[in-house]
Amino acid sequence: MKTSILHDPKWSIDSLSALRAACTALPGVDAAAQQQIADREAELTKPAGSLGRLEELTRWLGGWQKRARPQLERVQILIFAGNHGVVRQGVSPWPQDVTAQMVQNFENGGAAINQLARVTDARLRVVPVLGLASTADFTTAPAMTESAFLEAVQTGYDAVPRECDLLCLGEMGIGNTTAAAALATGLFGGVGADWAGRGTGLDAPGVAHKARVIDTALAFHKAEMAAAQGASEAVAGFDPLEVARRVGGYELAALLGAALAARHYGIPVLLDGFVCTAAVAPLARLAAGGLDHTRLSHCSAEAGHARLAEKLGLVPLLDLGLRLGEASGAALAVPLLRAAVACHNGMATFAQAAVSGRT
């Protein structure tokens, strides 16, 4: 087990300053383990680099697991669910009741992610954040009070099991692509139209309306978000944590907490789609390399995801046109990682196979 004051089970995120400190006190990768992996790769019966990104993924996994022989025996999928007051602005064609109904569907084993978790041999847990209480409509008020925001972050942090080889993150929440697009706008600049997409099925006029709602929200919160910034933390004039609190959501805050816990515990993370990527983006804005322990599972069909991935320097592993959420893309990438680990751990070296090396 890795040792750090941040690993104390009694440690809690009880203030924005404590959260900010946790987001900047980030352990690094185990470079020695990565070098051992690279040394073994050079001896395996294949041309150097011939397995492409599989080789990089093996080094990534082993470096964060602190193992020269990475493993994927304990894969955990975490889905955080939340409700959004901004749905009152007509940003989704689905009623808010669907969030709770889908949580029940997850519990009953009837959703896509249940099937994907089964075929990828991963454990699945669904967490209704703050009992699915709705955030405020962030066009007229902060989405979350400071205490509720911190509680949601702590919920995500506490949900991460320490004995875990890989964490897959996902979400469910009617209206949360609007929150994600607003968060991306606040973190990376531009206007709502740069980030708003179809979500759960909006038509073109609906997407245009969604973009206007985002612009309204950012204009409403601009002064407060700028006033809360620290000189070294401001991005596009805003403080990342204040952006997350004011235009995010409970499940997005929990995703941030889960990604933070995984970093502290040395657990590699597979991110899902647009909402998940936006939710953890404040880590990258608060600390250089804040998302180094993550990989992006896929490029969502949601309009802003490719742009957001580029801003964060994340290269997706898959591109299947998904826009479901619920960690579906992350689960689909697990077999790819299993293949990378199997090749690294199972292949013979040139010496073992009595194969001549390159001259």
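Residues numbered from 1 in each chain as written. Predicted model: local features only at pLDDT ≥ 70, side-chain atom pairs only at ≥ 80, totals over all residues. Heavy atoms only, no water.

Peer 1: What should I look at first to understand the pairing of strand S3 (residues 166-172) in this one?
Peer 2: In terms of burial, S3 is largely enclosed, as 7 of its 7 residues are buried. Taking every second residue as pointing to the same face, both faces of S3 are buried, with Leu166, Cys168, Gly170 and Met172 on one and Leu167, Leu169 and Glu171 on the other. Across 7 bridges, the pairing between strand S1 (residues 75-81) and S3 is parallel. Of the residues in S3, the one forming a bridge with Ala81 is Met172. As judged from the 2 bridges shared by S3 and strand S4 (residues 269-271), these two strands associate in the parallel manner. From the neighbouring strand, Cys168 faces S4, where its bridge partner is Leu270. (Buried < 20%, exposed > 50% of the residue type's maximum accessible area, 1.4 Å probe, protein only. Helix = DSSP H or I, 4+ residues; strand = E, 2+ residues; numbered from the N terminus. Pairing = 2+ DSSP bridges.)

Peer 1: Even after reading the chapter, I still don't get the packing of aromatic side chains, so can you show me in this structure?
Peer 2: Each aromatic ring pair is described using two quantities: the centre-to-centre distance and the angle formed by the ring planes. Under the definition given, this model contains 2 aromatic pairs. Taking the centre distance of 5.9 Å and the plane angle of 70° together, the rings of Tyr157 and Tyr265 count as edge-to-face. With Tyr157 in helix H6 (residues 146-159) and Tyr265 in helix H11 (residues 250-265), this pair connects stretches of sequence that are 108 residues apart. When the centroid spacing of 6.3 Å and the interplanar angle of 40° are considered together, the rings of Phe188 and Trp195 count as tilted. With respect to class, Phe188 is no different from Trp195; both count as buried. In this structure, Arg307 is placed above the aromatic ring of Trp195, and the distance from its NZ or CZ to the ring centre is 5.4 Å. (Phe/Tyr/Trp six-rings, centres within 6.5 Å; stacked < 30°, edge-to-face > 60°. Lys NZ or Arg CZ within 6 Å of the ring centre and 35° of its normal.)

Peer 1: Whenever I open this one, the pattern of salt bridges confuses me. Can you help?
Peer 2: Two side chains that carry opposite charge are able to pair once their charged atoms sit near each other. By the definition in use, this model includes 10 salt bridges. Among the salt bridges present, the one from Arg67 reaches Asp165, with a minimum N-O distance of 3.2 Å. One end of the pair, Arg67, is in the loop between helix H3 (53-65) and S1; the other, Asp165, is in the loop between H6 and S3, with 98 residues separating them in the sequence. On the basis of relative accessible area, Asp165 is assigned to the buried category, the value being 0%. Ionic pairing is found between Lys210 and Glu302, a salt bridge with its closest N-O pair at 3.8 Å. Linking Lys210 in helix H9 (residues 204-227) with Glu302 in the loop between strand S5 (294-296) and helix H13 (305-312), this pair joins segments that are 92 residues apart in sequence. We note that Lys210, like Glu302, is buried. (Salt bridge = Lys/Arg side-chain N within 4 Å of Asp/Glu carboxyl O.)

Peer 1: Help me out: how do you make sense of the sheet that holds S3 in this one?
Peer 2: Remark on secondary structure: sheet strands pair via backbone hydrogen bonds, oriented parallel or antiparallel. Spatial strand order, S2-S1-S3-S4-S5: 5 strands in an open sheet with parallel pairing. One side of each edge strand has no neighbouring strand; the edge strands of this open sheet are strand S2 (123-128) and S5. Shown here is a sheet whose adjacent strand axes are inclined to one another by a mean of 25°, direction ignored. Both S4 and S5 contribute to a ladder of 3 bridges, which runs parallel. (Axes fitted to C-alpha atoms, helices over the stretch in contact; angles between N-to-C directions.)

Peer 1: Explain H11 to me, please; I cannot follow it from the model alone.
Peer 2: Owing to its 3.6 residues per turn, the α-helix aligns residues three or four sequence positions apart on the same side. Given a rise of 1.5 Å per residue, 16 residues ought to cover 22 Å, and the 22 Å separating the end C-alpha atoms of H11 matches this to within 8%. In terms of residue burial, H11 counts as a mostly covered element, since 16 of its 16 residues are buried. A positive backbone phi angle near 75° is found at Gly266, which sits one or two residues after H11. (Expected span 1.5 Å × (residues − 1).)

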